[in-house]
Structure formats: C-alpha cells, structure tokens
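Tertiary structure, described
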Amino acid sequence: MNRSDRTAPPPARRTRGAEARPRVYRYRFYPDEEQAAQLTRTFGACRWVYNQGLVLRTTAWRDHGVRVGFAETCRALTGWRHAAQTSWLRDISSAVLQQSLRHLDAAFSRFFKRTSTHPEPKRKNRSRDSATYVRTGFRWRENPARPGTGLIGLAKQSEPLDVRWSRPLPPGAAPLKLTVTRDRAGRFFLQILVEEHIAPLPPALTPDTAAPRAVGLDLGLAALATLDDGTTAGHPRLLRTHGAKLARLQRELHRKEPGSANRGKARARLARLHAAIADYRRDALDQLTTRLVRENQVLVVEDLAVANLVRSPSGPGRRRKAGLNRSIADAAWSTLLRMLWYKCAWYGRTLVIVDRFFPSTRRCSACHAHGERLDVSVRSWTCAACGAAHDRDVNAARNLRQEGLRLYEQAVAALSPGRQLPAVVRASAPAGVVVAA
Ligand SMILES: [Zn+2]
C-alpha cells in the first residue's frame, strides 16, 4: 500500500511559539522515619476524608435528592477537624485534605460526564497512597549551584525531603503542585507539576507530497501495538517472562496462611515485581511515544473500549495468564494513549481516536470490502473480494491509518480560518467529527 495514494491537505502552519504547558516530573525520594510516619498518617487521613466526602455526597443524593458539591464537603471537613472524635485530622494540613475532596469532586465529574463509573471508597492496601500539596502546602528553594534542583519541604514537616534529582526541573520553574505517592512496594515518589514552555516541532510531512505523515496503531496482546507498516512495538518479552513469574508469585501468595509472616513476604515480592514491571513499562512507552510523535503528524488509534474486547493468548495456563496479561496490557494501553495525548498537545501533532464501531479488523484495507467477523484465533485472512492476504493486526492498523487521515482531513476542512487543530480529534458515530479539547 502506497503511503502517498491519499493526499491530505498539509497541516495549517502553526505560528505559535512555545506555549506554557503543565508538565509533571517524577522523582523518587527517601523519607526519614519521622517523615515516613507523618506521610503514612497523611495518606490515611486523605483516604478517610475522601471516603467521608463520598458518603456525604451519596447519602445526601439518595435520601434527600440533594446534590452536595465540593464547597459543602469542604465545610464538612472544617467540622470534622473541630469534632473531638476526629481531632487527629488537625495534625494534617487542611490544604492537603481539601485536595482529597477535590479529587473526589473530579471523580464525580467524570461519573456525571459518563466517562467513568461511580466513585468507590478508597481502601487501605488496595488504593494507591497519595497526597497532593498545593502551593501553600510546601516550601521550595531552588539551589543556585544546581538550577532545576532544590529544597522541598512539606507542610507539617520540619526537614526537607531527600529527593533524588534524576533530572533537573526546567531551570527557574516554580513547582505549582506536588503529589506524594507510595507504591505497593513501599517506595515513595514525588510528582512535581510545573509550567514549562514547550516548543511545537516542525510539521512532519512526507518529502514528496507534503502530506502529513500518519501512523495507525492497532493495540493488542501479542504486541502492545502493531503499526501499519507491519512493525510491532511494545514488550512481548516482558509480558511473557514477567507474566509467568507474576502468575507464580500470585499462586504462592494464595497458598500461604492468611496473616502469616510468609504471606507478608510473598506479598512484598509480588509488589516489588509489579513495581519493576510498571517502571520498565513507563520507560518503554515513553521512548515509543516520543519516537512516534516525532516522526508523524497524525497518529491514529481505536477507541479503547473496543480494544478491551481483544483476543486471548493460547497455550497452557491460558485462562489465568490471559487475565494477567490483560490487566498488564490494559494499563499499558491507557498509559500509551495518555502519553500520545499529551505529547501531541506539546509538539503540535494530532491524535485521532477512531470510533468503536469502525470495523478495523473486518475491513480489507486494500479494497475496503467487509469480510466475515473473525474469530479471535484467526491471525491472517485473505480478502474474498480482491484476494489480498492480510495479517490481522497490520490490516487493522492500515484501516485505522486510512480512517484517521479521512477524519483528520474533515477536521482540517471544517476549521475556521486562523484556528488550529486541537491535539485530539475524536470520531462520533455514525458520521461526523467531534473535536475534543
Ligand atoms: Zn480486498
């Protein structure tokens, strides 16, 4: 399939310079005993406040038909802090607890917009430990000798944090918000939100036709992503080797006596493996998405909801492994999409999300005839109409690329003069293009 057989108009010239954009930097840090204990209390208080706010909002609606919003939950928080039986909340920065209510409010907004399910209570050992500090909740002093690094002190803590500055912040950048997390392996991380001036890249055009370069990505389990040129990306080896080890550790955990020391050890081993996989995956996805966004002007993926219904692996231990691989893959796909989304915004690219009803697998990418619905085990097929032989995933990626370019052209054509295309273009069923911010 020739890449230049469909010519889309070149992307509108972007005259804007570097725009200030929110960007998060992540560092590991090592709290001393006192700091770790204080953070453990903070995480617990955030969870408690979140859950209380959830109860308040849910019961007000259920019993009285009253919608309780962020402001009301903040007033309730003041009450809890002054109540005798919950006076321990006074030891935690109120700004941090308010952020917990802010997160609850955001979870409800997602629920009302139907992009998420109803908020669930946070559970110890189940939910990630996290606390967010806004500007009034921390101290920051940049180190003049090493710009982009410095001293960070949290509210209610006397000593600054021991941060490993694996890379500097943009020099002169003032942290706007901090999120402190602890993963299941007990490691502490600091996510620092800054505003950074990121310059868009020059448009990625094909040299001969000046059409935008585009890539279609089919998300799957065998490979994280199959590209329309037939290459695959992702880390099947990671999934295979660690998938098996993960399954083994999980079996071991279930065999241990509940509450025993050995069970605790097995749980810790499992948590460390999860953390290692998460780190490896983040790095791999970071490199992959940066490369794809640099090389292409238009990046096309299918709506995740479809991808979730995918194909299962074969072989022994198939069911359990399928479940594990799927959970790893699910997380990898959503990270991949999120990274593509914000990098497209940073660098002046367009991410096209193709509707879930688009028959990317059944359509022949050569003649556009629709074939039979394919069983998940079918890896390749031949088009009855034109005789083209297809690899299942490559064909899907090619279809996505074609459909994505069509939607991109539509969106560019519908653009009023002087406006620039947003970073994400989403297709809506059955026809038409919705432009998402
Ligand atoms: Zn065909």
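For the structure itself, look to the data block above.
The structure reproduced in this document is the subject of the present report.

Conventions adopted
- Residues numbered from 1 in each chain as written.
- Predicted model: local features only at pLDDT ≥ 70, side-chain atom pairs only at ≥ 80, totals over all residues.
- Heavy atoms only, no water.
- Patch = residues over 30% accessible without salt bridge, like charges linked within 9 Å, V, L, I, M, F, W, Y side chains within 5 Å.
- Areas by Shrake-Rupley, 256 points an atom, 1.4 Å probe, with all protein chains shown as cover.
- Salt bridge = Lys/Arg side-chain N within 4 Å of Asp/Glu carboxyl O.
- Lys, Arg positive; Asp, Glu negative; His and termini not counted.
- Charge placed at Lys NZ, Arg CZ, Asp CG, Glu CD.
- Helix = DSSP H or I, 4+ residues; strand = E, 2+ residues; numbered from the N terminus.
- Buried < 20%, exposed > 50% of the residue type's maximum accessible area, 1.4 Å probe, protein only.
- Pairing = 2+ DSSP bridges.
- Axes fitted to C-alpha atoms, helices over the stretch in contact; angles between N-to-C directions.
- Donors = N, O, S within 2.8 Å, 3.2 Å for Na, K, Ca; no water.
- Tetrahedral: all angles 85-135°; square planar, octahedral: opposite > 155°, others 65-115°.

1. Some thoughts on a positive patch on the surface
A cluster of basic residues, Arg 26, Arg 110, Lys 113, Lys 122 and Arg 128, forms a positive patch on the protein surface. If you trace the backbone, Arg 128 turns up in the loop between helix H3 (94–112) and strand S2 (129–134). Assessed through its relative accessible area of 54%, Arg 128 is described here as exposed.

2. Remarks on the pattern of salt bridges
In a structure, side chains of opposite charge can pair up when their charged atoms sit close to one another. Tallied over the entire structure, the rule returns 16 salt bridges. Note that Arg 187 is salt-bridged to Asp 279, the shortest N-O span being 3.0 Å. Highlighted residues: Arg 187 in the loop between strand S5 (177–182) and strand S6 (188–198) and Asp 279 in helix H5 (residues 261–295), separated in sequence by 92 residues. For Arg 187, a relative accessible area of 15% puts it in the buried group. On the basis of relative accessible area, Asp 279 is assigned to the partly exposed category, the value being 25%. Note that Glu 252 is salt-bridged to Arg 269, the shortest N-O span being 3.7 Å. On the criterion of sequence distance, the pair formed by Glu 252 in helix H4 (residues 236–255) and Arg 269 in helix H5 is long-range, its members being 17 residues apart. Here the salt bridges do not stand alone but share partners, grouping Asp 183, Arg 187, Asp 279 and Arg 282 into one network.

3. Brief notes about the sheet that holds S2
Across the sheet, which stays open at both edges, the four strands sit in the order S1-S6-S5-S2 with antiparallel pairing between neighbours. Where the open sheet ends on each side, the last strands, each with one partner, are strand S1 (19–29) and S2. Shown here is a sheet whose adjacent strand axes are inclined to one another by a mean of 20°, direction ignored. When S2 meets S5, the two strands line up antiparallel, connected through six bridges. Paired with Asp 129 across the strands is Arg 182, a residue of S5.

4. Considerations on the coordination of the zinc ion
Taken together, Cys 364 (SG), Cys 367 (SG), Cys 383 (SG) and Cys 386 (SG) make up the protein donors of the zinc ion, found 2.3 to 2.4 Å from the metal. With four donor atoms in place around the zinc ion and angles of 108 to 111° between them, the coordination shape is tetrahedral. Counting the intervening residues between successive donors of the zinc ion yields the motif C-x2-C-x15-C-x2-C. The class for Cys 383 is buried, based on a relative accessible area of 5%.

5. Details of a negative patch on the surface
There is a patch of like negative charges on the surface, built from Asp 32, Glu 33, Glu 34 and Glu 159. Structurally, Glu 34 can be placed in helix H1 (residues 33–64). Among the residues examined, Glu 34 registers a relative accessible area of 62% and is labelled exposed.

6. Focus: the pairing of strand S10 (residues 298–302)
In terms of residue burial, S10 counts as a mostly covered element, since five of its five residues are buried. Both faces of S10 are covered, namely the face carrying Val 298, Val 300 and Glu 302 and the face carrying Leu 299 and Val 301. As paired elements, strand S7 (residues 214–219) and S10 share four bridges and run parallel to each other. Bridged to Leu 217 within S10 is Val 301. One ladder, built from five bridges, connects S10 with strand S11 (residues 350–354); its direction is parallel. By the bridge assignment, Glu 302 is partnered in S11 with Val 354.

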